[in-house]
Amino acid sequence: MKLFNVVKTTSTDWKILGGKLATRIVKDADNGISQDKDGKRFPSYTVNYALLKSQGKAGLKGVSKDRQVSPPNLRLTGKMLDSIKAQNAKSTSVEILYADGEKVIGHSKKRGKKPKRNIIGLNDKNQQFVEDYFSKKIENNILRYVAKDIKIDLDIL
């Protein structure tokens, strides 16, 4: 390994990281954790909405699939969170795709009396995960770079 390759990243590294980040965002949302900087908990559902959701009647087009109300998890049908994926990995970045973008953007902003439940971006905990991921990768590359066979010749007289 050449020295300049110690800190070099590949599209494969970013693709793996993007998949892990998409999973972390979805798991945080399932646990009611925001992707705002501090990673605060989502505000509770209103009493009326929580009752409808727990009964499976909160969906506009019929029965809702998810009935969890505490913590709020943004899963009514599951489509919005299931659509979060990593794509377009390059050697320096990866995109996180929110295929149901209008809903995601709607939840990320305070809309009148409706509270903000943001899943866009990375909270501090997930940002630290990115730093740790690359730190570990670079550390492993350094160990591979400095690992060399040592040849010792002993002449006995």
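Our structure is the block above this text.
Residues numbered from 1 in each chain as written. Predicted model: local features only at pLDDT ≥ 70, side-chain atom pairs only at ≥ 80, totals over all residues. Heavy atoms only, no water.

Undergrad: Whenever I open this one, a nonpolar patch on the surface confuses me. Can you help?
TA: A cluster of nonpolar residues, Ile142, Leu143 and Val146, forms a patch on the protein surface that exposes about 270 Å² of accessible area. Position of isoleucine 142 relative to the elements: it lies in helix α5 (residues 124-146). (Patch = residues over 30% accessible without salt bridge, like charges linked within 9 Å, V, L, I, M, F, W, Y side chains within 5 Å. Areas by Shrake-Rupley, 256 points an atom, 1.4 Å probe, with all protein chains shown as cover. Salt bridge = Lys/Arg side-chain N within 4 Å of Asp/Glu carboxyl O. Helix = DSSP H or I, 4+ residues; strand = E, 2+ residues; numbered from the N terminus.)

Undergrad: I would appreciate a short explanation of the nonpolar core in the present structure.
TA: In globular proteins that are soluble, nonpolar side chains generally tend to be buried together. Within the largest apolar cluster, 12 residues are counted, these being Ala22, Ile25, Val26, Ala29, Phe42, Leu74, Met80, Leu81, Ile84, Tyr98, Val104 and Ile119. Residue assignment for this core shows that the elements contributing at least two residues are α1 (11-30) and α3 (79-82). Per-element tally for this core: the top contributor is α1, with four residues. Setting aside residues up to four positions removed in sequence, isoleucine 25 forms contacts with Gln35, Ile84, Ile96, Tyr98, Ile119, Gly121 and Leu122. Judged by nonpolar contacts, the second largest core, of seven residues, contains Trp14, Leu17, Tyr133 and Phe134. (Core = buried A, V, L, I, M, F, W, Y, C linked by side-chain atoms within 4.5 Å. Buried < 20%, exposed > 50% of the residue type's maximum accessible area, 1.4 Å probe, protein only. Contact = heavy atoms within 4.5 Å.)

Undergrad: Before we go on, may I ask you to explain the packing of aromatic side chains in this structure?
TA: Think of a pair of aromatic rings as described by two things: how far the centres are apart, and how the planes are tilted against each other in angle. One pass over the structure, following the stated rule, counts three aromatic pairs. An angle of 45° between the planes, with centres 4.8 Å apart, marks the rings of tryptophan 14 and phenylalanine 134 as tilted. With tryptophan 14 in helix α1 and phenylalanine 134 in helix α5, the pair connects residues that are 120 residues apart, well separated along the chain. In terms of burial, tryptophan 14 and phenylalanine 134 fall into one category: buried. Look at tyrosine 45 and tyrosine 49: their rings are 5.0 Å apart centre to centre, the planes differ by 65°, and that puts the pair in the edge-to-face class. For tyrosine 45, a relative accessible area of 12% translates into the label buried. (Phe/Tyr/Trp six-rings, centres within 6.5 Å; stacked < 30°, edge-to-face > 60°.)

Undergrad: Explain the layout of surface pockets here, please?
TA: Summary: where empty space remains is shown by rolling a probe the size of a single water molecule over the atoms. Roughly 940 Å³ of internal volume is contained in the largest pocket. Lining of the largest pocket is provided by 29 residues; of these, Tyr49, Ala58, Leu76, Lys103 and His107 occupy positions nearest its centre. When residues of the lining of the largest pocket are traced back to their parent elements, those giving at least two are α2 (47-55), α3 and α4 (101-108). At four residues, α4 tops the list of elements feeding residues into the lining of the largest pocket. Among the residues forming the lining of the largest pocket, the class breakdown is nine nonpolar, nine polar and 11 charged. (1 Å grid on protein atoms, 1.4 Å probe; cavity = no way out; pocket = protein on both sides within 12 Å on 5 of 7 lines; lining within 4 Å. Points joined across faces, edges and corners; volume = space filled by probe spheres on them. Nonpolar A, V, L, I, M, F, W, Y, C, P; charged D, E, K, R; others polar.)

Undergrad: I would appreciate a short explanation of the packing of α1 against α5 in the present structure.
TA: A packed helix pair is summarised by two numbers, namely the angle formed by the two axes and the spacing between the axes. Where α1 meets α5, the closest approach of the two axes is 11 Å, and the angle between their N-to-C directions is 155°. When the axes of α1 and α5 are compared, the pair comes out roughly antiparallel. Where α1 crosses over α5, the two elements pack in a sense that is right-handed. Here α1 contributes Asp13, Trp14, Ile16, Leu17, Lys20, Leu21, Arg24 and Asp28 to the contact with α5, which in turn contributes Lys125, Asn126, Phe129, Val130, Tyr133, Phe134 and Lys137. Grouping the constituent residues of the contact of α1 with α5 by class yields eight nonpolar, one polar and six charged. (Axes fitted to C-alpha atoms, helices over the stretch in contact; angles between N-to-C directions. Parallel < 35°, antiparallel > 145°, perpendicular 65-115°, else oblique. Left-handed = near helix turned anticlockwise from the far one by under 90°.)

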